Amino acid sequence: MNAPNQSGWKPEMGEAGTSGSGPATASGNRALQLEEPLIFELGTRANCGVDFGQEPGEVAPELGKHLRKEPLTLPGLTEPETVRHYTRLSRQNYAIDLGPFPLGSCTMKHNPRLNEKVARMPGFADIHPLQPMDTVQGAFEVIEQLSEWLCKLTGMSAVAMTPKAGAHGELCGILAIRAALEARGDAREVILCPESAHGTNPATAAFAGYRVEDIPATKEGRVDLEALKARLGPDVAGVMITNPNTCGLFERDMKAISEAVHAAGGLVYCDGANFNAIVGKVRPGDLGVDAMHINLHKTFSTPHGGGGPGSGPVVLSEALAPFAPTPFVRRDERGRMRLVEERAAKDLLPDSFGRMTAFHGQMGMFTRALTYMLSHGADGLRQVAEDSVLNANYILRSLEDVLDAPYGASGPCMHEALFSDRGLAEGFSTLDIAKGLIDEGYHPMTVYFPLVVHGAMLVEPTETESKQGLDRLIASLRAVAERAKAGDESLKSAPHYAPRRRLDETLAARKPVLTWEEPETPAGIPVASEIGGS
Ligand SMILES: *Cc1c(COP(=O)(O)O)cnc(C)c1O
């Protein structure tokens, strides 16, 4: 293997490397499009960013047999080289601060800087979960105020604040349902999920030990109420329904669904990840919901790029509130806030199903979400729902002449517009449209989900995009869709202007290479062990 130069370009990168037309460059870079190898492939083992100062034998003799015998296999880089490596990598990434992120169901919206300012206040940012309670009263008040807002917005009795993501919230809700059923001596075995359910719903039910059964959808893209009613019975613990659903539609029969499930002795879980479409307009408690998670990292604008950190509080009905997890925050007779852990909960909440997480939830997300709520106020939150729905309908109606909208005739959509691959030229697919959108400078929309639509494309603009921004996104989507309909072959090898082109995603998922193997040392470059580890 060649010793890479500073920029990391290697001749074999060739076609797979930085693309685009124009003459080749010696470095492999294209102006601000920078090639970047792994950090281990940069620099040499002769360098080290850390000055150890002592011979290994003299360091901490008390470590005895635990003293390191092999050289530390850290990349040999100086601090500026390290900083530049990560900065160059960050420039290959698409981010919400660069442009719209129209990922349906993921709700990627602008993260207001006010949120960040509040989250960085030392009273929130520098506290420790094991600090004496008297010293973190303000943090507890944030949790209490946020809880009140969440209960008020959803019309529910209680909220479990500790779950750390939507899927974790689902598990919390299902465990509460199981605890409630077991408390009345009625252990049931089945959870019903609609065909269009988010993948986490059946996964959660199965993880909690339930058997999962599908409920079919109607032609309109909603839960088939009659089929659901026909399946209900003494073995059904409950249903998990996403509302608004993953076809971007409101489940109008939600009340009838809840009534039927309750009449059959079951409980209703609502997947509230998409609450941004209805916040301030509908209270799930009024629809008969017993438990629902809310993704603070979606509806309430807390950041969630790169998989976290999320926060998935679960609101609970009166029937489920006694089974909520510990710990929780309570105000005592003297008005002091305190955290109720297991031991004290034995008196206050004897039926609690137990603990979900090590500590008390995602404090940084709580402060950001509450900031978003307070800066909008009640009327502003209603406008969040109205604007996100308006934006999605604008996209749906602006593109339905070039892209097939399978439920376009079912009426207005909610916060996301759903298209299919019908009508694309022979041999062209949803994937080609997604890759073409990368060349246009956008992160692709959600593709091939929901599964009930062939070649699905789920576009969610959110309320934070302006009309001008939407018009630009629509123009790009339209141009790419027209190329796919006209059979433009160049679309099949898109993206042409990205650092990488078409990767073998299946191979990457099935056989991921997660460790770096040290290559044979090129002659003449000493490794750390040869120079005494200094
Ligand atoms: C995002 C989402 C989830 C899962 O939330 P995570 O925070 O990613 O665990 C569940 N259901 C729906 C409908 C979602 O959009």
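Keep in mind it's a predicted model, so treat the numbers as computed, not measured.

Next up on the list: the overall build of the chain. Scanning the chain from terminus to terminus reveals 14 helices and 12 strands. Computed over its C-alpha atoms, the radius of gyration of the chain comes to 27 Å, within 12% of the 24 Å expected for a compact globule of 534 residues. Along the first, second and third principal axes, the C-alpha set of the chain runs to 80 × 70 × 45 Å. Of the roughly 25,700 Å² of accessible surface on the chain, 55% is carried by carbon and sulfur atoms. When the 52 positive and 68 negative side-chain charges of the chain are each reduced to one mean point, those points stand 2 Å apart.

Right, let's talk about the sheet that holds strand β6 (residues 291-293) for a bit. Pairing is mixed in the open sheet, where seven strands are placed in the order β1-β7-β6-β5-β4-β2-β3. Single-partner strands in this sheet number two, and they are β1 (158-160) and β3 (211-215). Direction aside, neighbouring strands of the sheet carry axes that sit 25 degrees apart on average. Strand contacts of helix α4 (residues 137-154): β1, β6 and β7 (314-316), with the helix running at about 125 degrees to β1, the strand carrying the most contacts. Sitting on the sheet, helix α8 (residues 254-263) is in contact with β4 (236-242) and β5 (267-271), with an inclination near 145 degrees to β5.

Before going further, it helps to examine α8. Burial in α8 covers these residues: Met254, Ile257, Ser258, Ala260 and Val261. One face of α8 carries all of its buried residues, which in axial projection span an arc of 165 degrees. Seen from the buried face of α8, the exposed residues on the opposite side, beyond 90 degrees, are Glu259 and Ala263. Those residues of α8 that are buried are in contact with α7 (225-231), β4 and β5. Directly beyond the C-terminal end of α8, a positive phi value near 85 degrees is found at Gly265.

Conventions used here
Residues numbered from 1 in each chain as written. Predicted model: local features only at pLDDT ≥ 70, side-chain atom pairs only at ≥ 80, totals over all residues. Heavy atoms only, no water. Helix = DSSP H or I, 4+ residues; strand = E, 2+ residues; numbered from the N terminus. Rg over C-alpha atoms; globule rule 2.2 N^0.38 Å. Areas by Shrake-Rupley, 256 points an atom, 1.4 Å probe, with all protein chains shown as cover. Lys, Arg positive; Asp, Glu negative; His and termini not counted. Charge placed at Lys NZ, Arg CZ, Asp CG, Glu CD. Pairing = 2+ DSSP bridges. Axes fitted to C-alpha atoms, helices over the stretch in contact; angles between N-to-C directions. Contact = heavy atoms within 4.5 Å. Buried < 20%, exposed > 50% of the residue type's maximum accessible area, 1.4 Å probe, protein only. Arc of directions from axis to C-beta.

Function cannot be inferred from these measures alone, as they are strictly geometric.
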